[in-house]
Amino acid sequence: MLGGDVHAAASGQLALLRKLGVHAEFGGPEGPGGADGGSTAVDLGCGPGTQALALVRLGFSPVIAVDTSERLLAELAQAHARTGGAPEALRPLHRDIRDALPEAAPVESVAAVVCMGDTLPHLPTKDDVARLLRDIAHALRRGGHFVATYRDLTAELHGDDRFVPVRSTDDRLLTCFLEYVDADTVLVHDLLHTRSATGWELQASSYPKLRIPAQWLAGQCRAAGLEVRHDETGPRGLRVLHAVKP
């Protein structure tokens, strides 16, 4: 349901990152990439790998791709290998994103951290978001980039507007229904219709998501020591936030 294959989706993320000015920096005063001798990037909640593949194409190496799904990490490694990418350029890491940075990245060692594709609202609490932002700020070196894309669910929808068409193909239809629990939480019901030989079959699932106000998230970035450079609604209605460590 990416709207194309993973490499096509990666091209879209590549264009967005380039527009924001995110790129690997080489030739620093202490060697390629600065004092750590490289341009490490971290993709938090990489999923099938659209952002990780884009970061590799931008010249970051290694790209540490973090996810709780071993299956998706394996698919990402295969997609990277099919492009002929250098094995050392991608480093899959099977971890919860809340615990990954202290283990994977020494303080002030990372050139870029991304948390894209609506990953942040899947964290359990706003405190988890704030703590993650502090970890990101500690991991980034000076001039390092942080990019997040997420859906702002703070404006409550009513009636039929709570049914949100997500994406459709000839044999799949994905629709979400939003149920507002409280000021911080919305319960998302996924309704996936798949065409089979005998007709259409329905798979339904539900999960909570955080309602993250854009102004609050920008404020948490600043409190963590990051300078917000870009904060607006971008492609497909996702909010795009870009911050840099001064």
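These figures come from a predicted structure and were not determined experimentally.

**Student:** It is not clear to me how the sheet that holds strand β6 (residues 163-168) should be interpreted in this structure. Could you clarify?
**Tutor:** Picture the strands of a sheet paired through backbone hydrogen bonds; they go either parallel or antiparallel. Strand order across the open sheet formed by 4 strands is β6-β7-β8-β9, with antiparallel pairing between neighbours. Either end of the sheet is taken by a strand with one partner, and the two such strands are β6 and β9 (199-210). Averaged over all neighbouring strand pairs, the angle between strand axes comes to 20°, with direction disregarded. The pairing of strand β8 (residues 185-196) with β9 spans 12 bridges and is antiparallel. Of the residues in β9, the one forming a bridge with Thr-194 is Glu-201.

**Student:** Got a minute to help me understand the pairing of β8 in this structure?
**Tutor:** Within a regular beta strand, the side chains point alternately toward one face of the sheet and then the other, so they alternate between its two faces. Pairing of strand β7 (residues 172-180) with β8 involves 9 bridges; the strand directions are antiparallel. By the bridge assignment, Leu-174 is partnered in β8 with Leu-192. Between β7 and β8, which pair antiparallel one after the other, the connecting turn spans 4 residues. Between the antiparallel neighbours β8 and β9 lie 2 residues.

**Student:** Sorry if this is basic, but what is going on with the pattern of salt bridges here?
**Tutor:** Charged atoms that come close allow side chains of opposite charge to pair. All told, the structure shown has 9 salt bridges when counted by the stated rule. In this structure, the salt-bridge partner of Asp-184 is Lys-126, at a minimum N-O distance of 3.2 Å. Here Asp-184 is found in the loop between β7 and β8, whereas its partner Lys-126 is found in helix α5 (residues 126-139), with 58 residues between them in sequence. Of the residues examined, Asp-184 reaches a relative accessible area of 34% and is grouped as partly exposed. Here Asp-231 ties to Arg-239 by a salt bridge, and the two come within 3.2 Å at their closest N and O atoms. Exposure remark for Arg-239: the relative accessible area of 18% places this residue in the buried category.

**Student:** Could you clarify how one ought to interpret the packing of helix α4 (residues 97-104) against α5 in this entry?
**Tutor:** Packed helices, taken two at a time, are described by the angle between their axes plus the distance between the axes. Where α4 meets α5, the axes come as close as 9 Å, and the angle between the chain directions of the two elements is 20°. In terms of their interaxial angle, α4 and α5 are classed as roughly parallel. Between α4 and α5 lies a crossing whose hand is left-handed. Mapping the contact onto sequence places Ile-97, Arg-98, Asp-99, Leu-101 and Pro-102 in α4 and Asp-128, Arg-131, Leu-132, Asp-135, Ile-136 and Ala-139 in α5. By residue class, the composition of the contact of α4 with α5 is 6 nonpolar, no polar and 5 charged.

**Student:** Explanation requested: the confidence of the model for the chain in the structure shown.
**Tutor:** As a general rule, the predicted coordinates of low-pLDDT regions are not to be interpreted in detail. When pLDDT is averaged along the chain, the result is 90, and 93% of the positions lie at 70 or above. Across residues 26-37, where pLDDT falls below 50, the model places 17 contacts with residues more than four positions away in sequence or in other chains.

**Student:** I tried to follow the sheet that holds strand β5 (residues 140-150) on my own but got confused; where do I start?
**Tutor:** With respect to topology, 7 strands assemble into an open sheet ordered β3-β2-β1-β4-β5-β11-β10, the strand pairing being mixed. Edge positions in the open sheet fall to β3 (90-94) and β10 (227-233), since each of these has one partner strand only. Here the average twist between neighbouring strands, direction ignored, is 15°. Against the sheet, helix α6 (residues 214-223) engages β5, β10 and β11 (239-244), with an angle of about 165° to β10.

So, how was this worked out
Residues numbered from 1 in each chain as written. Predicted model: local features only at pLDDT ≥ 70, side-chain atom pairs only at ≥ 80, totals over all residues. Heavy atoms only, no water. Pairing = 2+ DSSP bridges. Helix = DSSP H or I, 4+ residues; strand = E, 2+ residues; numbered from the N terminus. Axes fitted to C-alpha atoms, helices over the stretch in contact; angles between N-to-C directions. Salt bridge = Lys/Arg side-chain N within 4 Å of Asp/Glu carboxyl O. Buried < 20%, exposed > 50% of the residue type's maximum accessible area, 1.4 Å probe, protein only. Parallel < 35°, antiparallel > 145°, perpendicular 65-115°, else oblique. Left-handed = near helix turned anticlockwise from the far one by under 90°. Contact = heavy atoms within 4.5 Å. Nonpolar A, V, L, I, M, F, W, Y, C, P; charged D, E, K, R; others polar. pLDDT = per-residue confidence, 0-100.

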